[in-house]
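Topology and contacts: notes
This is what each chain is made of:
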Amino acid sequence: MGRKHIEFHQAYEVEKTLHTEGPLAGAVEQRQSEDDETGAFTSIVTFPAGWQHDWSDYSRPFEIFGLRGEGKLGGERFDAGFYGYAPSGAEGATYESVTESQVLLMVEDVDAAKQGGRVEIQDTNEMKWADHGVEGVPPGLVIKLLRVDADKGDWTWIAAGPAGWQEDRAEIHPTVEEALMLSGDI
């Protein structure tokens, strides 16, 4: 079945789970979606100040986006607006919460083919907005492209549009599409 279709929901109204074991032990998770075939999932996770875990031996690649608070990923600053990608078994995949912090965590399918490598971090606050480059999309939508998976064709990006911007075409995607509203309304 994969991930069930969810049109919209209030992300912060999703049930909270305090983990007592595993890679999120001591953190509070709000699971937004989950693939019941692969175990891939997307969650909002809140870490208490001082929380730390090394995901270097984790068998799944993951993407992480800072929502609030101060953290470190691989020993480097990782605060609100920072984005990170870690292939499975990535060197330097330790996350530390300096203050209470909250992240969007997107854990992918197990991918033995892409094991190892380093964690990649970007400060999206410093990135410039750019044209989306997608044919047929009305003008006005801009993005900060964070990652393109060359094998799967998946994109991770932050998008923005002016008030009143509208797209009238129905969307059909061969991959999972998820969005978290960071600010504004839709």
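Whatever comes next refers back to the structure up there.
These notes cover the structure that comes with them. (Residues numbered from 1 in each chain as written. Predicted model: local features only at pLDDT ≥ 70, side-chain atom pairs only at ≥ 80, totals over all residues. Heavy atoms only, no water.)

From N to C terminus, the protein includes zero helices and 14 strands. Secondary structure elements of the protein occur, N-terminal to C-terminal, as β-β-β-β-β-β-β-β-β-β-β-β-β-β. Expressed as a percentage of the 186 residues in the protein, the buried residues total 35%. Within the protein, contacts between residues separated by at least 24 positions form 59% of all contacts whose residues are at least 6 apart in sequence. Of the roughly 11,200 Å² of accessible surface on the protein, a fraction of 50% belongs to carbon and sulfur atoms. Placing the 15 positive and 35 negative side-chain charges of the protein at their respective mean positions leaves the two points 3 Å apart. (Helix = DSSP H or I, 4+ residues; strand = E, 2+ residues; numbered from the N terminus. Buried < 20%, exposed > 50% of the residue type's maximum accessible area, 1.4 Å probe, protein only. Contact = heavy atoms within 4.5 Å. Areas by Shrake-Rupley, 256 points an atom, 1.4 Å probe, with all protein chains shown as cover. Lys, Arg positive; Asp, Glu negative; His and termini not counted. Charge placed at Lys NZ, Arg CZ, Asp CG, Glu CD.)

Inspection of every chain in the model, using the stated rule, returns nine aromatic pairs. An angle of 90° between the planes, with centres 6.2 Å apart, marks the rings of Phe-78 and Tyr-95 as edge-to-face. Here Phe-78 is found in strand E7 (residues 76-79), whereas its partner Tyr-95 is found in strand E9 (residues 94-97), with 17 residues between them in sequence. Relative to Trp-157, the ring of Trp-155 has its centre 6.1 Å away and its plane inclined at 90°; by these criteria the two rings are edge-to-face. A relative accessible area of 38% means that Trp-155 is categorised as partly exposed. Members of the aromatic cluster, connected to one another through ring pairs, are Phe-47, Trp-51, Trp-55, Tyr-58, Phe-62, Phe-78, Phe-82 and Tyr-95. We note Lys-144 situated over the ring of Trp-129; from NZ or CZ to the ring centre the distance is 4.6 Å. (Phe/Tyr/Trp six-rings, centres within 6.5 Å; stacked < 30°, edge-to-face > 60°. Lys NZ or Arg CZ within 6 Å of the ring centre and 35° of its normal.)

Turning our attention to the side chain of His-132. Secondary-structure assignment places His-132 in the loop between strand E12 (130-131) and strand E13 (142-148). Here His-132 is in contact with Val-137, Pro-138, Leu-141, Ile-143 and Trp-155, once residues within four sequence places are set aside.

Let's shift gears to the pattern of salt bridges. Tallied over the full model, the rule gives seven salt bridges. We note a salt bridge from Glu-29 to Arg-31, for which the minimum N-O separation is 2.6 Å. The class for Glu-29 is buried, based on a relative accessible area of 4%. The partner of Glu-108 in a salt bridge is Arg-147, and the shortest N-O contact between them spans 3.8 Å. Here the residue Glu-108 occupies a position in the loop between strand E10 (101-107) and strand E11 (120-123), and Arg-147 occupies one in strand E13, the gap between them amounting to 39 residues. Since its relative accessible area comes to 14%, Glu-108 is described here as buried. Through salt bridges with shared partners, a single network forms among Glu-29, Arg-31 and Glu-34. (Salt bridge = Lys/Arg side-chain N within 4 Å of Asp/Glu carboxyl O.)

An order of E4-E9-E6-E7 is seen for the four strands of this open sheet, with the pairing classed as antiparallel. Here the strands that pair on one side only, and so sit at the sheet edges, are strand E4 (52-54) and E7. On average, each strand axis in the sheet is tilted by 20° relative to the strand beside it, whichever way the strands run. Inspection of the sheet shows E4 paired to E9 by three bridges, in the antiparallel sense. Paired with Gln-52 across the strands is Glu-96, a residue of E9. (Pairing = 2+ DSSP bridges. Axes fitted to C-alpha atoms, helices over the stretch in contact; angles between N-to-C directions.)

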